[in-house]
Amino acid sequence: MHIEASTASDIAWHEQALCAQTGPDFFFPEPGSSVREAKRICGLCAIRSACLEYALAHDERFGVWGGLSEKERLQLRRGRENG
């Protein structure tokens, strides 16, 4: 995560996120590993939309953010640009 480069207001949501209580292993798995558990946790998180918007705004390219993998965020970003 690139949290240290962000302002406090940019990441205020992070303290309430379930991932902050879980640890990064689920959200930044080894290449080829499943992201199913991270997506399950994200699905239960009330802060999911703020997390996703942060990842899109800051071009996060690794890990699961807001319930989406790197590839899914790229597809979403391309869809927003084209539509």
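Remember, it's a predicted structure, so these values are computed and weren't measured experimentally. (Residues numbered from 1 in each chain as written. Predicted model: local features only at pLDDT ≥ 70, side-chain atom pairs only at ≥ 80, totals over all residues. Heavy atoms only, no water.)

Undergrad: Provide a residue-level description of the pattern of salt bridges, including the pertinent values.
TA: Under the defined criterion, the tally for this structure stands at five salt bridges. A salt bridge links Arg80 to Glu53; the nearest nitrogen and oxygen atoms lie 2.8 Å apart. Of this pair, Arg80 sits in helix 4 (residues 70-82) while Glu53 sits in helix 3 (residues 48-57), and the two are 27 residues apart along the sequence. Glu53 sits in the partly exposed class, given a relative accessible area of 39%. For the salt bridge of Arg77 with Asp59, the shortest nitrogen-to-oxygen distance reads 3.6 Å. Here Asp59 lies in the loop between helix 3 and helix 4 and Arg77 lies in helix 4, a separation of 18 residues in the sequence. Overall, the relative accessible area of 17% leaves Arg77 in the buried class. Linked by salt bridges that have partners in common, Asp59, Arg61 and Arg77 make up one network. (Salt bridge = Lys/Arg side-chain N within 4 Å of Asp/Glu carboxyl O. Helix = DSSP H or I, 4+ residues; strand = E, 2+ residues; numbered from the N terminus. Buried < 20%, exposed > 50% of the residue type's maximum accessible area, 1.4 Å probe, protein only.)

Undergrad: I'd like a description of the UniProt feature "binding site: [4Fe-4S] cluster" (unreviewed entry) in the protein chain, backed by residues and values.
TA: Sites flagged by UniProt as "binding site: [4Fe-4S] cluster" (unreviewed entry) map to Cys19, Cys42, Cys45 and Cys51. Annotated residues spanning 33 residues; largest pairwise C-alpha distance 10.1 Å, indicating a single compact cluster. Ignoring anything within four residues of it in the chain, the contact list for Cys19 reads His14 and Phe27. Looking at the secondary structure, you find Cys51 in helix 3. (UniProt positions renumbered as here; feature names shortened; annotations may be inferred. Contact = heavy atoms within 4.5 Å.)

Undergrad: So what about the state of the cysteines? Which residues, and what values?
TA: The tally for this structure, following the rule as stated, stands at zero disulfides. Cys45 takes part in no disulfide bond, and the closest cysteine sulfur to it belongs to Cys19, at a distance of 6.4 Å. Using a relative accessible area of 15% as the deciding quantity, one classes Cys45 as buried. With no disulfide of its own, Cys51 lies closest to Cys19 among cysteine sulfurs, the gap being 5.6 Å. Owing to a relative accessible area of 8%, Cys51 belongs among the buried residues under this scheme. (Disulfide = S-S within 2.5 Å.)

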